[in-house]
Protein chains: 2
Amino acid sequence: MQSHEAKRPRAPEVTQRERDDAVWRALADRNRREILDLLGGEPRTTGGLVDSFPHLSRTAVMKHLDVLERADLLIVRREGRVRWNQLNPIPIEQIHERWVAPHVRRMASALLRLKGQVEKKAAQKTRTKINPRRKR
Amino acid sequence: MQSHEAKRPRAPEVTQRERDDAVWRALADRNRREILDLLGGEPRTTGGLVDSFPHLSRTAVMKHLDVLERADLLIVRREGRVRWNQLNPIPIEQIHERWVAPHVRRMASALLRLKGQVEKKAAQKTRTKINPRRKR
DNA sequence: TTCATATGTCACCCAATGGTGACATATAAA
DNA sequence: TTTATATGTCACCATTGGGTGACATATGAA
């Protein structure tokens with residue numbers, strides 16, 4: 001029955017790898033990131049979003065919404081002639097966990113190691129000054 | 001003298017906004033993300049990296065390195081006829097802090113709120129079962 | 001019913017992107 | 001000095017991406 005999986009009708013031959021790629025590509029554009037920012041609070045209608053981007057045509061905004069929806073970053077609900085667009089933060093959380101966070105963690109631990117070394121060096125220097133030509 | 005700033009020779013009129021955009025665009029490509037993964041450990045020579053991507057031409061890899069360097073994700077050091085490429089994780093940490101983390105945090109707190117409501121509902125139901133038709 | 005509004009879709013344009021092979025240059029090794 | 005190796009650079013190609021206006025459709029309001 002796969003209710004909420006309607007978007008991948010018969011062959012979910014989309015690997016996680018491909019889904020992540022779609023997310024990264026969707027996030028590469030600043031306008032799309034700003035759309036997601038706007039949707040961070042509450043869902044908005046397409047028209048409402050269009051009004052928030054005066055420098056873009058309606059068609060352009062809808063294309064961006066399409067890209068976001070394909071990347072599964074959007075949950076779309078139709079209500080009469082209105083379309084409500086809601087942020088789906090899960091894919092963001094996923095690229096965070098799988099790629100961003102590991103790099104940030106690695107950087108943090110590298111900094112810690114470096115800090116330790118610098119402090120050791122500083123301590124040695126101090127010792128040398130106070131008591132020169134010591135054991136080593 | 002601006003030693004390490006040689007890449008922006010005279011007009012560093014690059015806003016932070018533009019720098020972030022460059023980082024996002026650089027990260028949008030899977031091959032480039034994999035290059036950064038490889039550089040997560042130790043620096044590598046260009047040739048070494050090329051060997052790690054058998055399905056890509058040397059020119060293609062160098063183009064990717066160029067994109068990464070422009071996004072300031074790479075620290076490049078030349079040594080004889082060899083070029084050492086090192087990861088600079090700072091821009092990653094920055095887009096993390098400015099964009100990814102806020103969204104992840106928002107999602108987390110939304111989940112918490114939701115959890116609280118569900119538990120309240122559940123508690124009410126239980127109470128109702130145990131002691132039906134109570135105050136409300 | 002008639003009309004205005006919200007959205008969907010199409011065809012087209014131009015710039016940017018990712019890829020290639022060929023050629024040029026500099027440096028370590030023989 | 002000659003030769004092999006590691007990079008740098010150029011010109012070119014095909015595809016994708018972001019943008020547009022014009023037209024089509026559906027639905028709430030008058």
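Notes on the structure in this doc start here. Quick caveat, the model's predicted, so the values are computed rather than measured. (Residues numbered from 1 in each chain as written. Chains lettered and ligands numbered in written order. Predicted model: local features only at pLDDT ≥ 70, side-chain atom pairs only at ≥ 80, totals over all residues. Heavy atoms only, no water.)

This next bit is on the protein's contact with DNA strand D. DNA strand D sits among 23 residues. The nearest are Ser57(A), Lys63(A), His64(A), Arg58(B) and Arg78(B). Each atom of DNA strand D within 4 Å of the protein belongs either to a base or to sugar and phosphate, the latter forming 55%. The separation between a phosphate oxygen of DNA strand D and a polar side-chain atom of Arg32(A) is 2.8 Å. At 3.2 Å from a phosphate oxygen of DNA strand D is found a side-chain nitrogen or oxygen belonging to Arg83(B). Mapped onto the surface near DNA strand D, the elements with two or more residues apiece are α2 (30-38) and α4 (58-70) of chain A together with α3 (46-51), α4 (58-70) and β3 (82-87) of chain B. Top element by residues in the surface near DNA strand D is α4(A). It accounts for four residues. Taken together, the residues of the surface near DNA strand D break down into four nonpolar, ten polar and nine charged. (Near = heavy atom within 4 Å. Polar contact = N/O pair within 3.5 Å; in protein donor to acceptor, adjacent residues only side chain to side chain. Helix = DSSP H or I, 4+ residues; strand = E, 2+ residues; numbered from the N terminus. Nonpolar A, V, L, I, M, F, W, Y, C, P; charged D, E, K, R; others polar.)

One pass over the full model with this rule turns up 15 salt bridges over all chains. Here the salt bridges do not stand alone but share partners, grouping Arg17(A), Asp21(A), Arg30(B), Arg33(B) and Glu34(B) into one network. (Salt bridge = Lys/Arg side-chain N within 4 Å of Asp/Glu carboxyl O.)

Glancing now at the sheet that holds β3(B). Residue and element names in this part refer to chain B. Spatial strand order, β1-β3-β2: three strands in an open sheet with antiparallel pairing. The open sheet is flanked by β1 (44-45) and β2 (74-79), the only strands paired with a single partner. Those strands touched by α4 are β2 and β3, and its axis lies near 120° from that of β2. (Pairing = 2+ DSSP bridges. Contact = heavy atoms within 4.5 Å. Axes fitted to C-alpha atoms, helices over the stretch in contact; angles between N-to-C directions.)

Taken together, 23 residues lie around DNA strand C, and Gly47(A), Arg58(A), Arg78(A), Lys63(B) and His64(B) are the ones closest in. Of everything in DNA strand C that lies within 4 Å of the protein, sugar and phosphate atoms constitute 53%. Arg58(A) has a polar side-chain atom sitting 2.5 Å from a base oxygen of DNA strand C. Take Arg78(A): an N or O atom from its side chain is 2.2 Å from a phosphate oxygen of DNA strand C. Counting residues per element, the surface near DNA strand C draws most heavily on α4(B), which supplies four residues.

In this structure, Leu27(A), Leu36(A), Leu73(A), Leu27(B), Leu36(B) and Leu73(B) are the most contacted members of the largest nonpolar core, which totals 44 residues. With residues up to four places along the chain from it excluded, the contact list for Leu27(B) reads Trp24(A), Trp99(A), Arg33(B), Leu36(B), Leu73(B) and Ile95(B). (Core = buried A, V, L, I, M, F, W, Y, C linked by side-chain atoms within 4.5 Å. Buried < 20%, exposed > 50% of the residue type's maximum accessible area, 1.4 Å probe, protein only.)

In this section: the interface of chain B and chain A. Taken together, the contact between chain B and chain A spans 25 residues of the former and 25 residues of the latter. For the pair chain B and chain A, the summed buried surface comes to about 2500 Å²; carbon and sulfur atoms form 69% of the total. Looking only at chain B, the three residues that lose the most surface to chain A are Trp24(B), Arg30(B) and Trp99(B), adding up to 24% of its buried area. For the pair chain B and chain A, the interface holds six salt bridges. Residues Arg30(A) and Asp21(B) are paired through a salt bridge, measuring 2.8 Å at the closest nitrogen-oxygen approach. (Buried area = accessible area lost by both parts, 1.4 Å probe.)

The next thing to look at is the relation of the copies chain B and chain A. Least-squares fitting of chain B to chain A yields an RMSD of 0.1 Å, with the transformation described by 0.0 Å of translation along the axis and a rotation of 180°. Seen this way, the second copy is the image of the first under a two-fold rotation axis. Ranked by how close their C-alpha atoms come to the rotation axis, the residues of chain B are headed by Ala28(B), at 2.9 Å. Taken as a fraction of all interface residues of chain B, those also at the interface in chain A reach 100%, which identifies the copy contact as same-surface. (Least-squares fit on C-alpha atoms with pLDDT ≥ 70 in both.)

Moving on: the side chain of Asp21(A). Tracing the backbone shows Asp21(A) in helix α1 (residues 16-27). Polar contacts involving the side chain of Asp21(A) include one to the side chain of Arg30(B), which spans 2.8 Å. Look past the residues within four positions of Asp21(A) in its chain and what remains in contact with it is Arg30(B) and Arg33(B).

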